[in-house]
Structure formats: C-alpha cells, structure tokens
Amino acid sequence: MRTCPHGVEDGGEAAVLDDLDPLVGALRERGFAVVGPVARDGVIRFAELGSAADLPRGLADEQAPGFYRLHERGELVFGFAASPDAVKRYTHPPRSVLFRMRGGVPEKVPPRAGKVALLGVRACDLAALAVQDRVFLGGRHPDEAYRERREALFLIAVTCAAPGGTCFCASMGTGPRPTSGFDVALTELTGPHRFLAEAGSERGAELLAALPSRPAGDADRAAAREVGAAAARMGRRVDLDGVRERLIERRESPLWDEIASRCLTCAACTMVCPTCFCVTVEDGVDLADGTAERAERWDSCFTLGFSELGGAPLRSSGAARYRQWLSHKFSTWVDQFGTYGCVGCGRCVTWCPAGIDITEELERLR
Amino acid sequence: MIPAPYRVRSRRPDRADTVTLTLEPVEGTCPPFLPGQFTMLYAPGVGEIPISVSGHARSGGYVQTVRAVGPVSRALCRARRGDIVGVRGPFGTHWELSRARGMDVVVAAGGLGLAPLRPVIRELVAHGARYGRISLIAGTRTPATLIYPRELARWGRDLDVQVTVDHPDRTWTGPTGLITKLVARIVFDPGRTYAFVCGPELMMRATAGELLRRGVPAGRIALSLERNMKCGIGRCGHCQLGPLFTCLDGPVLTYDRVAALLEVRQL
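Everything numeric in this text was worked out from a predicted model, so none of it was measured.

Enquirer: Which residues make up the packing of helix α5 (residues 201-213) of chain B against helix α6 (residues 255-263) of chain B, and what are the values?
Expert: All names here are of chain B. Two elements in contact, α5 and α6, have axes whose closest approach is 12 Å; the angle formed by their N-to-C orientations is 125°. Compared by their axis directions, α5 and α6 come out oblique. Relative to α6, the crossing made by α5 is left-handed. Touching Glu201, Arg205, Ala208 and Leu212 of α5 are Tyr255, Leu262 and Glu263, all from α6. Of the residues that constitute the contact of α5 with α6, the class distribution is four nonpolar, no polar and three charged.

What follows is the structure in structure tokens.
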C-alpha cells in the first residue's frame, strides 16, 4: 500500500491546478484509459472520459434510504458522494471468463487488464480497495487476475466535499479525507474554483510535475482543511464498540425476522457494495464448436441458490440471508480478514429499494 | 481456478446411483492428498463440484466416489473409461490420524460418508498396532445403498465393523435403526478415544452428541462438513459457516469448533 508522504494538513508539498483537462490529457498520453464520474440516466456512473469536460460539473446528489436524485446545484465537479459504481467493477469485474477448454486441455483466458486511471475515487473506496486486497491477495490462494487488474490502476482520489445523506465513513474510520493508497489526491476548492493536488506515489509526483500548476499557499491549505472538516459532519453513524461479539449473541434474535419482513432479498445491497466479493461460476459449451467455457460472475448471499446443498437452500429464509450478510460485514469478516467488511459508503442504504438502513438495524440489534 | 485434465482410467459402479472413478493426470503426476481432503471435479462444460478423495490408485491417480444427485455429479457418473475430466486440488483440512495414535478409534460413517473415511480406514487396517481398539460403524438407508460392501467385509477381518440400516429388506440380518444405537454398543475408553465422523449433518450431530454423552471430549471428535462450494479456495464465499470457510478451515473440523455454529438454524 502506498502512503501519502506529505498530508495537505501537514504543510507538505502541494500544487494548485486550475483545470483538470491537462491531468486527463497527460494520463491519456501515458496510455491510461481515464475513467471518471459522468452523469448518465439520472445518476453518477463511472465511464471513460474523453476530456475533463465530460465530468459532471454543477451537479449534486441527494441520498436517503432507498432514495437518490441529482440536482443542479453549485459549481463543483465532485459535488456528490458515492455513486452506485464502485472501484470493484475495475478490479473484480461483474463477469470474467476464467478458461476455455477444447480437445481436453483448458486454456487460461488472460484478464483484460488495460491501464486504467480512476479519477474521483473517494476515501471510502480506497478503504474498500484495501479490504479487497486482503480478501484477494492476503490468503493462501491469491487471485492473480485481481492482482493484474489492481496493478494496472492509477488512482486519483478526491476529498469528499459533500457527504451523502447515507454515508458513515467517519464512523468506520475510512474518510472523508483520503490519507493513503492513492497516486494523486485532489481537494476541490471554490472562490476561485481550483484543485489542491498532492502526490501519494512517485508516479503521482511525476505526473503532477508535468502539469501546469502553481505551489499551494496558506490560503489554499486552509480552504482544503475546511473541506475535509465540513464533510466529516455526516448524517449517519454506527457504534462499533463490541459489534462483532454482539452479532454473535444476536444470532437467534427475532429482529432478523422483522427485517426480513421488509427485505426483498433482491441483492441490490451486495451488488453496489464495494467490498462484497462473492462469486459463482457459470459453465457452458459453445454448441457450434464444442468449446467449453467457465466464467466467474458476481453472486449474492441473498439468492436462494447461494447456499444450495443437495437440491435445497440451506438459508431458505430471508432472515437467515440478511443475517448472513450483515453479520459477515460487521462480525465474521473480522475473524476471516482482520478488518470490517464495511467502509461506510452508504451505498447499500441508498440503493435498497425498501430503504433498509444498515446503521439503524445495527443500532436496533444492540 | 483452472482444472488440470485427468483421464478416467477406470469406472466402477458401486450402486445404482454411485460410481467410483479412478482418475489419472493426462500429464505428470497428481499431487499427494491427505485423508479427508477433497478435489474440485469438473465435468467439461457442465460444472464443478467438491468430491472427497477416497484413495490413491495403485497406478497413481485419485480414487473418488460420486453419487448422482445434480447435473454435475450425474455427468461425472456417466463418464466412461478414457474420458477427460478436470481436477483442481486437493484442498482443505484432513483427518488428523496422528492425533489418534495410541488411542481407541471410532470411525462412524453415514451413507456416502464412508467415501471420505476410506483412506482413514485403510490406514487403520494397515497399521492397527499404532492404535488401541478400533471400531468402524456405518449406517445406510437400505442394504442396497451401502457402498464398498466387499471392502467392508474385508475390513471386518481386522476391525470391529458394524453396519445398521434404516430400512432392512428380507435379506438383512444385521442391526437396524440409527447409527447412534451402534455408538452405545461399541467398546472404547472415552478418556482416550479419537472419533472420525462423516455423513449427513444430522447424523454427525447425533453421533457426536452420543460420543460426548459417553465422555469423548468434543476436541477429539472430528467431523467433515459439507457446504455449497464453487471455488474450494476461500474466494467464492458460498461455503461460509459463521467465521469459517468450510473449504479452507474445513471440511474436517473438530466438534468443539462447530457445535455452536451447527445449532443455529440456517446459519
């Protein structure tokens, strides 16, 4: 994990950029596909950028349990919180072919790990990447395809200027200011509109040195501190004290049934979650030439087939499936990987069609 | 996640729906396995399932017993001599025979649970002097679903072997009913006994419960758990049981680690 040698608040070296277009251009020149936020279908998605003009300037999001709207407001380029797309899509894609087999010999299908620069990555998503690094690379069977995709990433982080209505990264200790794990970190400032940029890696420093910029002054640093401080005042929080043990004690709580009476077991929370890693495999044969293929696809502990054994699901009730998900995030993940499986991004709260709020449920399970 | 091609060297139908395959690597030698470990067996184009290794073939290669219950196991059971299947592994924890040295040994198998225990039994038959009293008890639905009948008869020359059936037919003269009844009958010194138990989860819990009642400590009762597995290497998430990944932390686990987890419904 790369660390930021000079935090902005430490008065380390920082540059001020007036415009992000040279940054996007320089990355493209270096062979990166530059992927960043764009407004599409009424939400912020991640997509490849042609230039900085594609970024969604002057849009802000409104997020609440089961609710997401974009509004025209302000002048910020990054004036919104987490979008349904997480970094996971680029390190652990929704579907990837593992091998093809013809004539009895399986052949590896190399991962498509083109160089990708992600622009506008939030601190919670950097934390999610660190969690995923432990999951995919920390064990006895490291995932080489993940490693290749991971190493192909150039990460440009952004300090969250506007926490979403469902965020709780401050409680999880993961944000809102990016402190490590990035190549370049930006803080968006106004009056006049500009970006304070700092390098978190050698190649980040090299990139910044190649851009038109001026050294940051005291006023720039003071303004950046204010952005981080304002964003820390977010609406939701969780109390982590004893949560791991509490969820073990609450395995038989009637609250799981009550939550299940609202949960649609639709799996949306697991699809938007930046750390959920579960997959299933799909096997098939091309009828034209007899080639057998195996692919890995995101799966969810909310589906009935997930726990199927001998023709019947082991977790047949919605209560058991919700319990599995929530307990994994805040309890058994700690046993398995030494961290929580939640980074406080709030996506599961926003994108739950029933508006089930993980922070509220944790509080009720106390 | 890429299987190695193996050739079906022999195929022995065990029962109407059960087949024992001997699989040999197309190239090179197969990695050694420890008793109780499993491989992910791949039926090309159909899918992959975890199957325990029941032994090394004399010619090299794995002996694995498959019962046809789903599309993948049906395809594997249909495989003919010379066909290619895929093998990944072996994976998982093993029956720790070294912990049973010098002790009385109870081997309890329910149904197909005899397959993962076969390498344990063969070791006990081959090196009986290393252990105290050895009992092998097995339960099966009907006399016709009992696997390895000839080997069971052979093992009976060296070990105390008892088989019970749930539903006897006219030919059956042995015990009937649950395997727990056999646990009550066999002779062992609970304070110095190690038990290897494999079968359906309810059978394992009942057997472990009976062994506990007779005084065998939970830490010396080893079970082999079964869960949905897609990867075998702790990555797909399917086989979780509380904090455990059954594929990495299991399948073989001692009862003290899993008793509380197995008591929770649908965990």
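Enquirer: Break down the UniProt feature "domain: FAD-binding FR-type" (unreviewed entry) in chain B for me, with residues and values.
Expert: The sites that carry the UniProt feature "domain: FAD-binding FR-type" (unreviewed entry) are, in the present numbering, residues 1-97 of chain B. Within the segment residues 1-97 of chain B, helix and strand shares are 8% and 49% respectively, and the terminal C-alpha atoms sit 30 Å apart.

Enquirer: Describe the interface of chain B and chain A, with residues and values.
Expert: Where the parts come together, the accessible area they lose is often given as the size of the interface. Of the residues lining the interface, 34 residues belong to chain B; the matching set on chain A comes to 42 residues. A combined buried area of about 3300 Å² lies between chain B and chain A, and 57% of that area is made up of carbon and sulfur atoms. In this assembly, chain B and chain A are joined by two salt bridges. For Arg235 of chain B, the salt bridge goes to Asp143 of chain A, with nearest N and O atoms at 3.8 Å. Here chain B and chain A share 19 residue pairs in polar contact (both at pLDDT 80 or more) between them. Going through the elements one at a time, β4 (47-52), β7 (84-91), β14 (244-245) and α6 of chain B are the ones with two or more residues in the side of chain B that touches chain A. The leading source of residues in the side of chain B that touches chain A is β7 of chain B, at three residues. A breakdown of the residues in the side of chain B that touches chain A according to their chemical character gives 18 nonpolar, eight polar and eight charged.

Enquirer: If you had to explain the sheet that holds strand β10 (residues 184-189) of chain A to someone new, which residues and values would you point to?
Expert: The strands that make up a sheet are held in pairs by hydrogen bonds between backbone atoms, and each pair lies either parallel or antiparallel. Residues and elements named next belong to chain A. In spatial order, the strands read β3-β2-β8-β9-β10-β11-β1-β12; together these eight strands make up an open sheet with mixed pairing. Every other strand in the sheet has two partners, leaving β3 (43-48) and β12 (214-215) as the edge strands with one partner each. Relative to strand β8 (residues 116-121), strand β2 (residues 33-40) is paired through three bridges, and the arrangement is parallel. Each bridged residue has a counterpart across the sheet, and for Ala33 the counterpart in β8 is Val116.

Enquirer: With reference to specific residues and values, describe the packing of aromatic side chains.
Expert: Residues and elements named next belong to chain B. Tallying each qualifying case throughout the model produces 20 aromatic pairs over all chains. Ring centres of Phe33 and Tyr62 lie 6.3 Å apart, and the angle between their planes is 85°; this geometry places the pair in the edge-to-face category. One end of the pair, Phe33, is in the loop between β2 (18-25) and β3 (38-43); the other, Tyr62, is in strand β6 (residues 62-67), with 29 residues separating them in the sequence. Residue Phe33 is classed as buried on the basis of its relative accessible area of 13%.

Enquirer: So what's going on with the sheet that holds strand β11 (residues 193-198) of chain B? Which residues, and what values?
Expert: All names here are of chain B. Spatial ordering of the open sheet is given by β10-β9-β8-β11-β12-β15, a layout of six strands whose pairing is mixed. The open sheet terminates on both sides in strands that have one partner only, identified here as β10 (160-165) and β15 (252-254). Strand-to-strand twist of the sheet, defined as the mean angle between neighbouring strand axes without regard to direction, takes the value 15°. Two strands pair when backbone bridges link them, and strand β8 (residues 104-110) and strand β9 (residues 134-140) are joined in this way by six bridges, in the parallel orientation. By the bridge assignment, Ala108 is partnered in β9 with Ile137. Across the sheet, helix α2 (residues 114-126) lies against β8, β9 and β11, angled at about 155° from β8, the strand it touches most. Against the sheet, α5 touches β8, β11 and β12 (221-224), its axis set at about 165° to β11.

Definitions and limits used
Residues numbered from 1 in each chain as written. Chains lettered and ligands numbered in written order. Predicted model: local features only at pLDDT ≥ 70, side-chain atom pairs only at ≥ 80, totals over all residues. Heavy atoms only, no water. Axes fitted to C-alpha atoms, helices over the stretch in contact; angles between N-to-C directions. Helix = DSSP H or I, 4+ residues; strand = E, 2+ residues; numbered from the N terminus. Parallel < 35°, antiparallel > 145°, perpendicular 65-115°, else oblique. Left-handed = near helix turned anticlockwise from the far one by under 90°. Contact = heavy atoms within 4.5 Å. Nonpolar A, V, L, I, M, F, W, Y, C, P; charged D, E, K, R; others polar. UniProt positions renumbered as here; feature names shortened; annotations may be inferred. Buried area = accessible area lost by both parts, 1.4 Å probe. Salt bridge = Lys/Arg side-chain N within 4 Å of Asp/Glu carboxyl O. Polar contact = N/O pair within 3.5 Å; in protein donor to acceptor, adjacent residues only side chain to side chain. Pairing = 2+ DSSP bridges. Phe/Tyr/Trp six-rings, centres within 6.5 Å; stacked < 30°, edge-to-face > 60°. Buried < 20%, exposed > 50% of the residue type's maximum accessible area, 1.4 Å probe, protein only.

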